[in-house]
Amino acid sequence: MPGMTAACELCAPSDVELENGLAYARYDSNALARGHVLVIPKRHVAGFFDMTIEEQSAVLSLLNEAQRLIQKRHAPDGYNIGVNVGKAAGQSRMHVHVHLIPRYAGDVPDPRGGIRCVLAGKASARA
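All chains use their own residue numbering, which begins from 1 and follows the written sequence. Per-residue local features of the predicted model are confined to residues with pLDDT of at least 70, and side-chain atom pairs are confined, for both listing and counting, to 80 or more; whole-chain, interface and lining totals are unaffected and use all residues. Computation of side-chain values covers all heavy atoms of the structure but excludes hydrogens and water.

**Student:** Sorry, what's going on with the sheet that holds strand β3 (residues 37-41) here?
**Tutor:** The pairing of strands in a sheet happens through backbone hydrogen bonds and is either parallel or antiparallel. At least two bridges found by DSSP between two strands is the condition for calling them paired. Secondary structure elements are defined from DSSP: runs of H or I of at least 4 residues count as helices, runs of E of at least 2 residues count as strands, and each element is numbered from the N terminus. On the basis of which strands lie adjacent, the open sheet formed by five strands has the order β1-β2-β3-β5-β4 and antiparallel pairing. Of all strands in the sheet, those bounded by a partner on one side alone are β1 (16-19) and β4 (78-82). If you compare each strand with its neighbour and ignore which way they point, the axes differ by 20° on average. Summarising the sheet, strand β2 (residues 23-27) and β3 pair through five bridges and their orientation is antiparallel. Bridge assignment links A25 to a residue of β3, and that residue is V39. Any two residues having at least one pair of non-hydrogen atoms within 4.5 Å are treated as being in contact. With axes taken as lines fitted to C-alpha atoms, and helix axes fitted only over the stretch in contact, angles between N-to-C directions fall between 0 and 180 degrees. With respect to the sheet, helix α1 (residues 53-74) is in contact with β1, β2, β3, β4 and β5 (98-103), its orientation differing from that of β2 by roughly 30°.

Below, the structure written as structure tokens:
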């Protein structure tokens, strides 16, 4: 695979559900919810903003395909989409990957704020 790094598990696609020329999607091995998917560029690249426009487009295209697949298989009530860019943002694997996390009514007591709650105590109820 282009730009492959031996120590990077995301450079070696496994259990691929969907793919195109520049990216692939698979279920997250540490899923937060039924149907939690990662969309990953095939080239080893650290951050979302380091991808080429073509790679970003390929990732977004698969994100849409993955959403349709998850909706059909799991029928969630909503979704969170997330990308951690850099260690300060919580990125622990330096190969960009986009999380598509299905959300289900009642999975948390109060979902207001969504991704704004990533910085605990800083979320506004007007998210």
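**Student:** Honestly, the confidence of the model for the protein chain in this entry has me stumped. Any pointers?
**Tutor:** Interpretation of this model should avoid reading the predicted coordinates in detail wherever pLDDT is low. What pLDDT conveys is the predictor's confidence in a given residue, as a value from 0 to 100. Averaged over all residues, the pLDDT of the protein chain is 90; the fraction at 70 or higher stands at 89%. Within the protein chain, the element-level pLDDT minimum falls on β4, averaging 96, and the maximum on α1, averaging 98.

**Student:** Would you mind going over α1 with me for this structure?
**Tutor:** Expected span, for any helix, means 1.5 Å times one less than how many residues it has. Helix length check: α1, at 22 residues, gives a terminal C-alpha distance of 31 Å against a target of 32 Å (1.5 Å per residue), a fit within 8%. All buried positions along α1 are accounted for by E55, Q56, A58, V59, L62, L63, A66, L69 and I70. Taken around the axis of α1, the buried residues stretch over an arc of 150°, which confines them to a single face. Along α1, exposed side chains directed more than 90 degrees from the buried face belong to I53, E54, R68 and K72. For α1, the secondary structure elements touched by its buried residues are β1, β2, β3, β4 and β5. Phi turns positive one or two residues past the end of α1, at A75, with a value near 50°. Accessibility here uses a 1.4 Å probe with only protein chains present; expressed as a share of the type maximum, an area under 20% marks a residue as buried, one over 50% as exposed, and anything in between as partly exposed. Working definition: the arc comes from the directions between the helix axis and the C-beta atoms, pointing outward to the latter.

**Student:** Got a minute to help me understand the packing of aromatic side chains in this structure?
**Tutor:** Given two aromatic rings, one states the distance between the centres and the angle between the planes to describe the pair. Pairing of aromatic rings covers Phe, Tyr and the six-membered ring of Trp, with a centre-to-centre limit of 6.5 Å; geometry is then stacked below 30 degrees between planes, edge-to-face above 60, and tilted otherwise. Within this structure, the stated rule accounts for one aromatic pair. Seen from their ring centres, F48 and F49 are 5.4 Å apart, and the 85° between their planes marks the pair as edge-to-face. Residue classification places F48 among the buried residues on the basis of a relative accessible area of 18%. Since its relative accessible area comes to 66%, F49 is described here as exposed. The ring of Y104 carries R34 above its face, with NZ or CZ at 4.1 Å from the centroid. Each ring is checked for a lysine NZ or an arginine CZ that lies within 6 Å of its centre and within 35 degrees of its normal; such an atom marks a charge sitting over the ring.

**Student:** Sorry, what's going on with the layout of surface pockets here?
**Tutor:** Over the atoms rolls a probe the size of a water molecule, and in doing so it shows where empty space is left. Of the grid points, spaced at 1 Å and generated over the protein atoms alone, those admitting a 1.4 Å probe that cannot get out make up cavities, while open sets with protein on both sides within 12 Å along at least five of seven lines make up pockets; any residue with an atom within 4 Å of a point is treated as lining. Grid points are joined across faces, edges and corners, and a volume is the space filled by probe spheres set on the points. Its volume calculated, the largest pocket comes out at about 610 Å³. Forming the boundary of the largest pocket are 26 residues, of which L32, N80, I101, I115 and V118 lie nearest the centre. Of all the elements in the fold, those that place two or more residues in the lining of the largest pocket are β4 and β5. With four residues, β5 is the single largest residue contributor to the lining of the largest pocket.

**Student:** Explanation requested: the side chain of H99 in the structure shown.
**Tutor:** With respect to the secondary-structure elements, H99 resides in strand β5. Residue H99 is classed as buried on the basis of its relative accessible area, which comes to 15%. In this structure H99 touches D28, H36, V37, L38, N80, I81 and G82, once residues within four positions along its chain are discounted.

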